[in-house]
Amino acid sequence: DQSMPKKCGHFNDKSVISTSEMAGKIKAALDARASEDFLIIARTDALAVDGFEAAIERVQSYSEAGADVTFVEAPDSVENMRDIPRRLSTPQVVNLVVGGKTPVLAQKELAAMGFALVLYANVALQGAIAGMQAALKELRDTGRMDEQSELVAVFAERQRLVKKPYFDGLERKYAGEK
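The structure reproduced in this document is the subject of the present report. Quick caveat: nothing in here was measured; it's all calculated off a predicted structure. (Residues numbered from 1 in each chain as written. Predicted model: local features only at pLDDT ≥ 70, side-chain atom pairs only at ≥ 80, totals over all residues. Heavy atoms only, no water.)

1. Some thoughts on the packing of helix 1 (residues 19–32) against helix 3 (residues 52–64)
At a minimum axis separation of 9 Å, helix 1 and helix 3 run at an interaxial angle of 35°. Where helix 1 crosses over helix 3, the handedness of that crossing is right-handed. Of helix 3, the residues touching helix 1 (which contributes Thr-19, Met-22, Ala-23 and Ile-26) are Arg-58, Ser-61 and Tyr-62. Of the residues in the contact of helix 1 with helix 3, the class split is four nonpolar, two polar and one charged. (Axes fitted to C-alpha atoms, helices over the stretch in contact; angles between N-to-C directions. Helix = DSSP H or I, 4+ residues; strand = E, 2+ residues; numbered from the N terminus. Left-handed = near helix turned anticlockwise from the far one by under 90°. Contact = heavy atoms within 4.5 Å. Nonpolar A, V, L, I, M, F, W, Y, C, P; charged D, E, K, R; others polar.)

2. A few points about the packing of helix 3 against helix 4 (residues 78–87)
As a packed pair, helix 3 and helix 4 sit with axes 11 Å apart at the nearest point and diverge in direction by 30°. Between helix 3 and helix 4, the crossing angle belongs to the class labelled roughly parallel. For the crossing formed where helix 3 meets helix 4, the hand is right-handed. Residues Phe-52, Glu-53, Ile-56 and Gln-60 of helix 3 form the contact with helix 4, whose own contacting residues are Asn-80, Asp-83, Ile-84 and Arg-87. Its residues assigned to classes, the contact of helix 3 with helix 4 shows three nonpolar, two polar and three charged. (Parallel < 35°, antiparallel > 145°, perpendicular 65-115°, else oblique.)

3. Digging into a nonpolar patch on the surface
Taken together, Leu-125, Ile-129, Met-132, Leu-136 and Leu-139 make up a surface patch of nonpolar side chains, about 470 Å² in accessible area. Following the sequence through the fold, Met-132 ends up in helix 6 (residues 123–142). By relative accessible area, which is 49% here, Met-132 ends up partly exposed. (Patch = residues over 30% accessible without salt bridge, like charges linked within 9 Å, V, L, I, M, F, W, Y side chains within 5 Å. Areas by Shrake-Rupley, 256 points an atom, 1.4 Å probe, with all protein chains shown as cover. Salt bridge = Lys/Arg side-chain N within 4 Å of Asp/Glu carboxyl O. Buried < 20%, exposed > 50% of the residue type's maximum accessible area, 1.4 Å probe, protein only.)

4. A word on the sheet that holds strand 2 (residues 69–72)
With parallel pairing, four strands are arranged side by side in an open sheet as 1-2-3-4. The outermost strands of the open sheet, each flanked by one partner alone, are strand 1 (41–44) and strand 4 (115–121). The sheet shows a mean angle of 25° between the axes of neighbouring strands, direction not considered. Of the strand pairs in this sheet, strand 1 and strand 2 are connected by four bridges, and their pairing is parallel. If you follow Ala-42 over to strand 2, its bridge partner there is Thr-70. Contacting strand 1 and strand 2, helix 3 crosses the sheet at an angle of about 160° to strand 1. (Pairing = 2+ DSSP bridges.)

The structure is reproduced here in structure tokens:
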């Protein structure tokens, strides 16, 4: 329910659209849903803008509009985190950003609180950054990097991940003779 331009939920200076406008968007998503396997998750960023009670009221409205799951973005205390699933009847999402506003808790603790889904936003990105920095530091400091280093994937794994054999097959199939 953020106004444009949208920002990361753990950033400051956000604004939100009206509750009724967001409810309309949820209803449009419900009308467009082609499969019951597709969940409508309604998120609010109102906690940072209007406070905790306003955020709870908004997601209650979004649930009443038909959202399958609701999501109060960036609770900044364990107390608020515990209160969210207690006060809402729909399944809840919690978004953990390492270094962000929401306290990072163990999955078991979050499940015990009543969260149905935990997002680990940016974990892969932050891990990749740390890995790249470590590999480049090693290269800078030693002047060497090879497959024996635990800091890089072996070449065969790189080829597997980018599906090199698959694309080689497409080239053989469609490129014709050279």
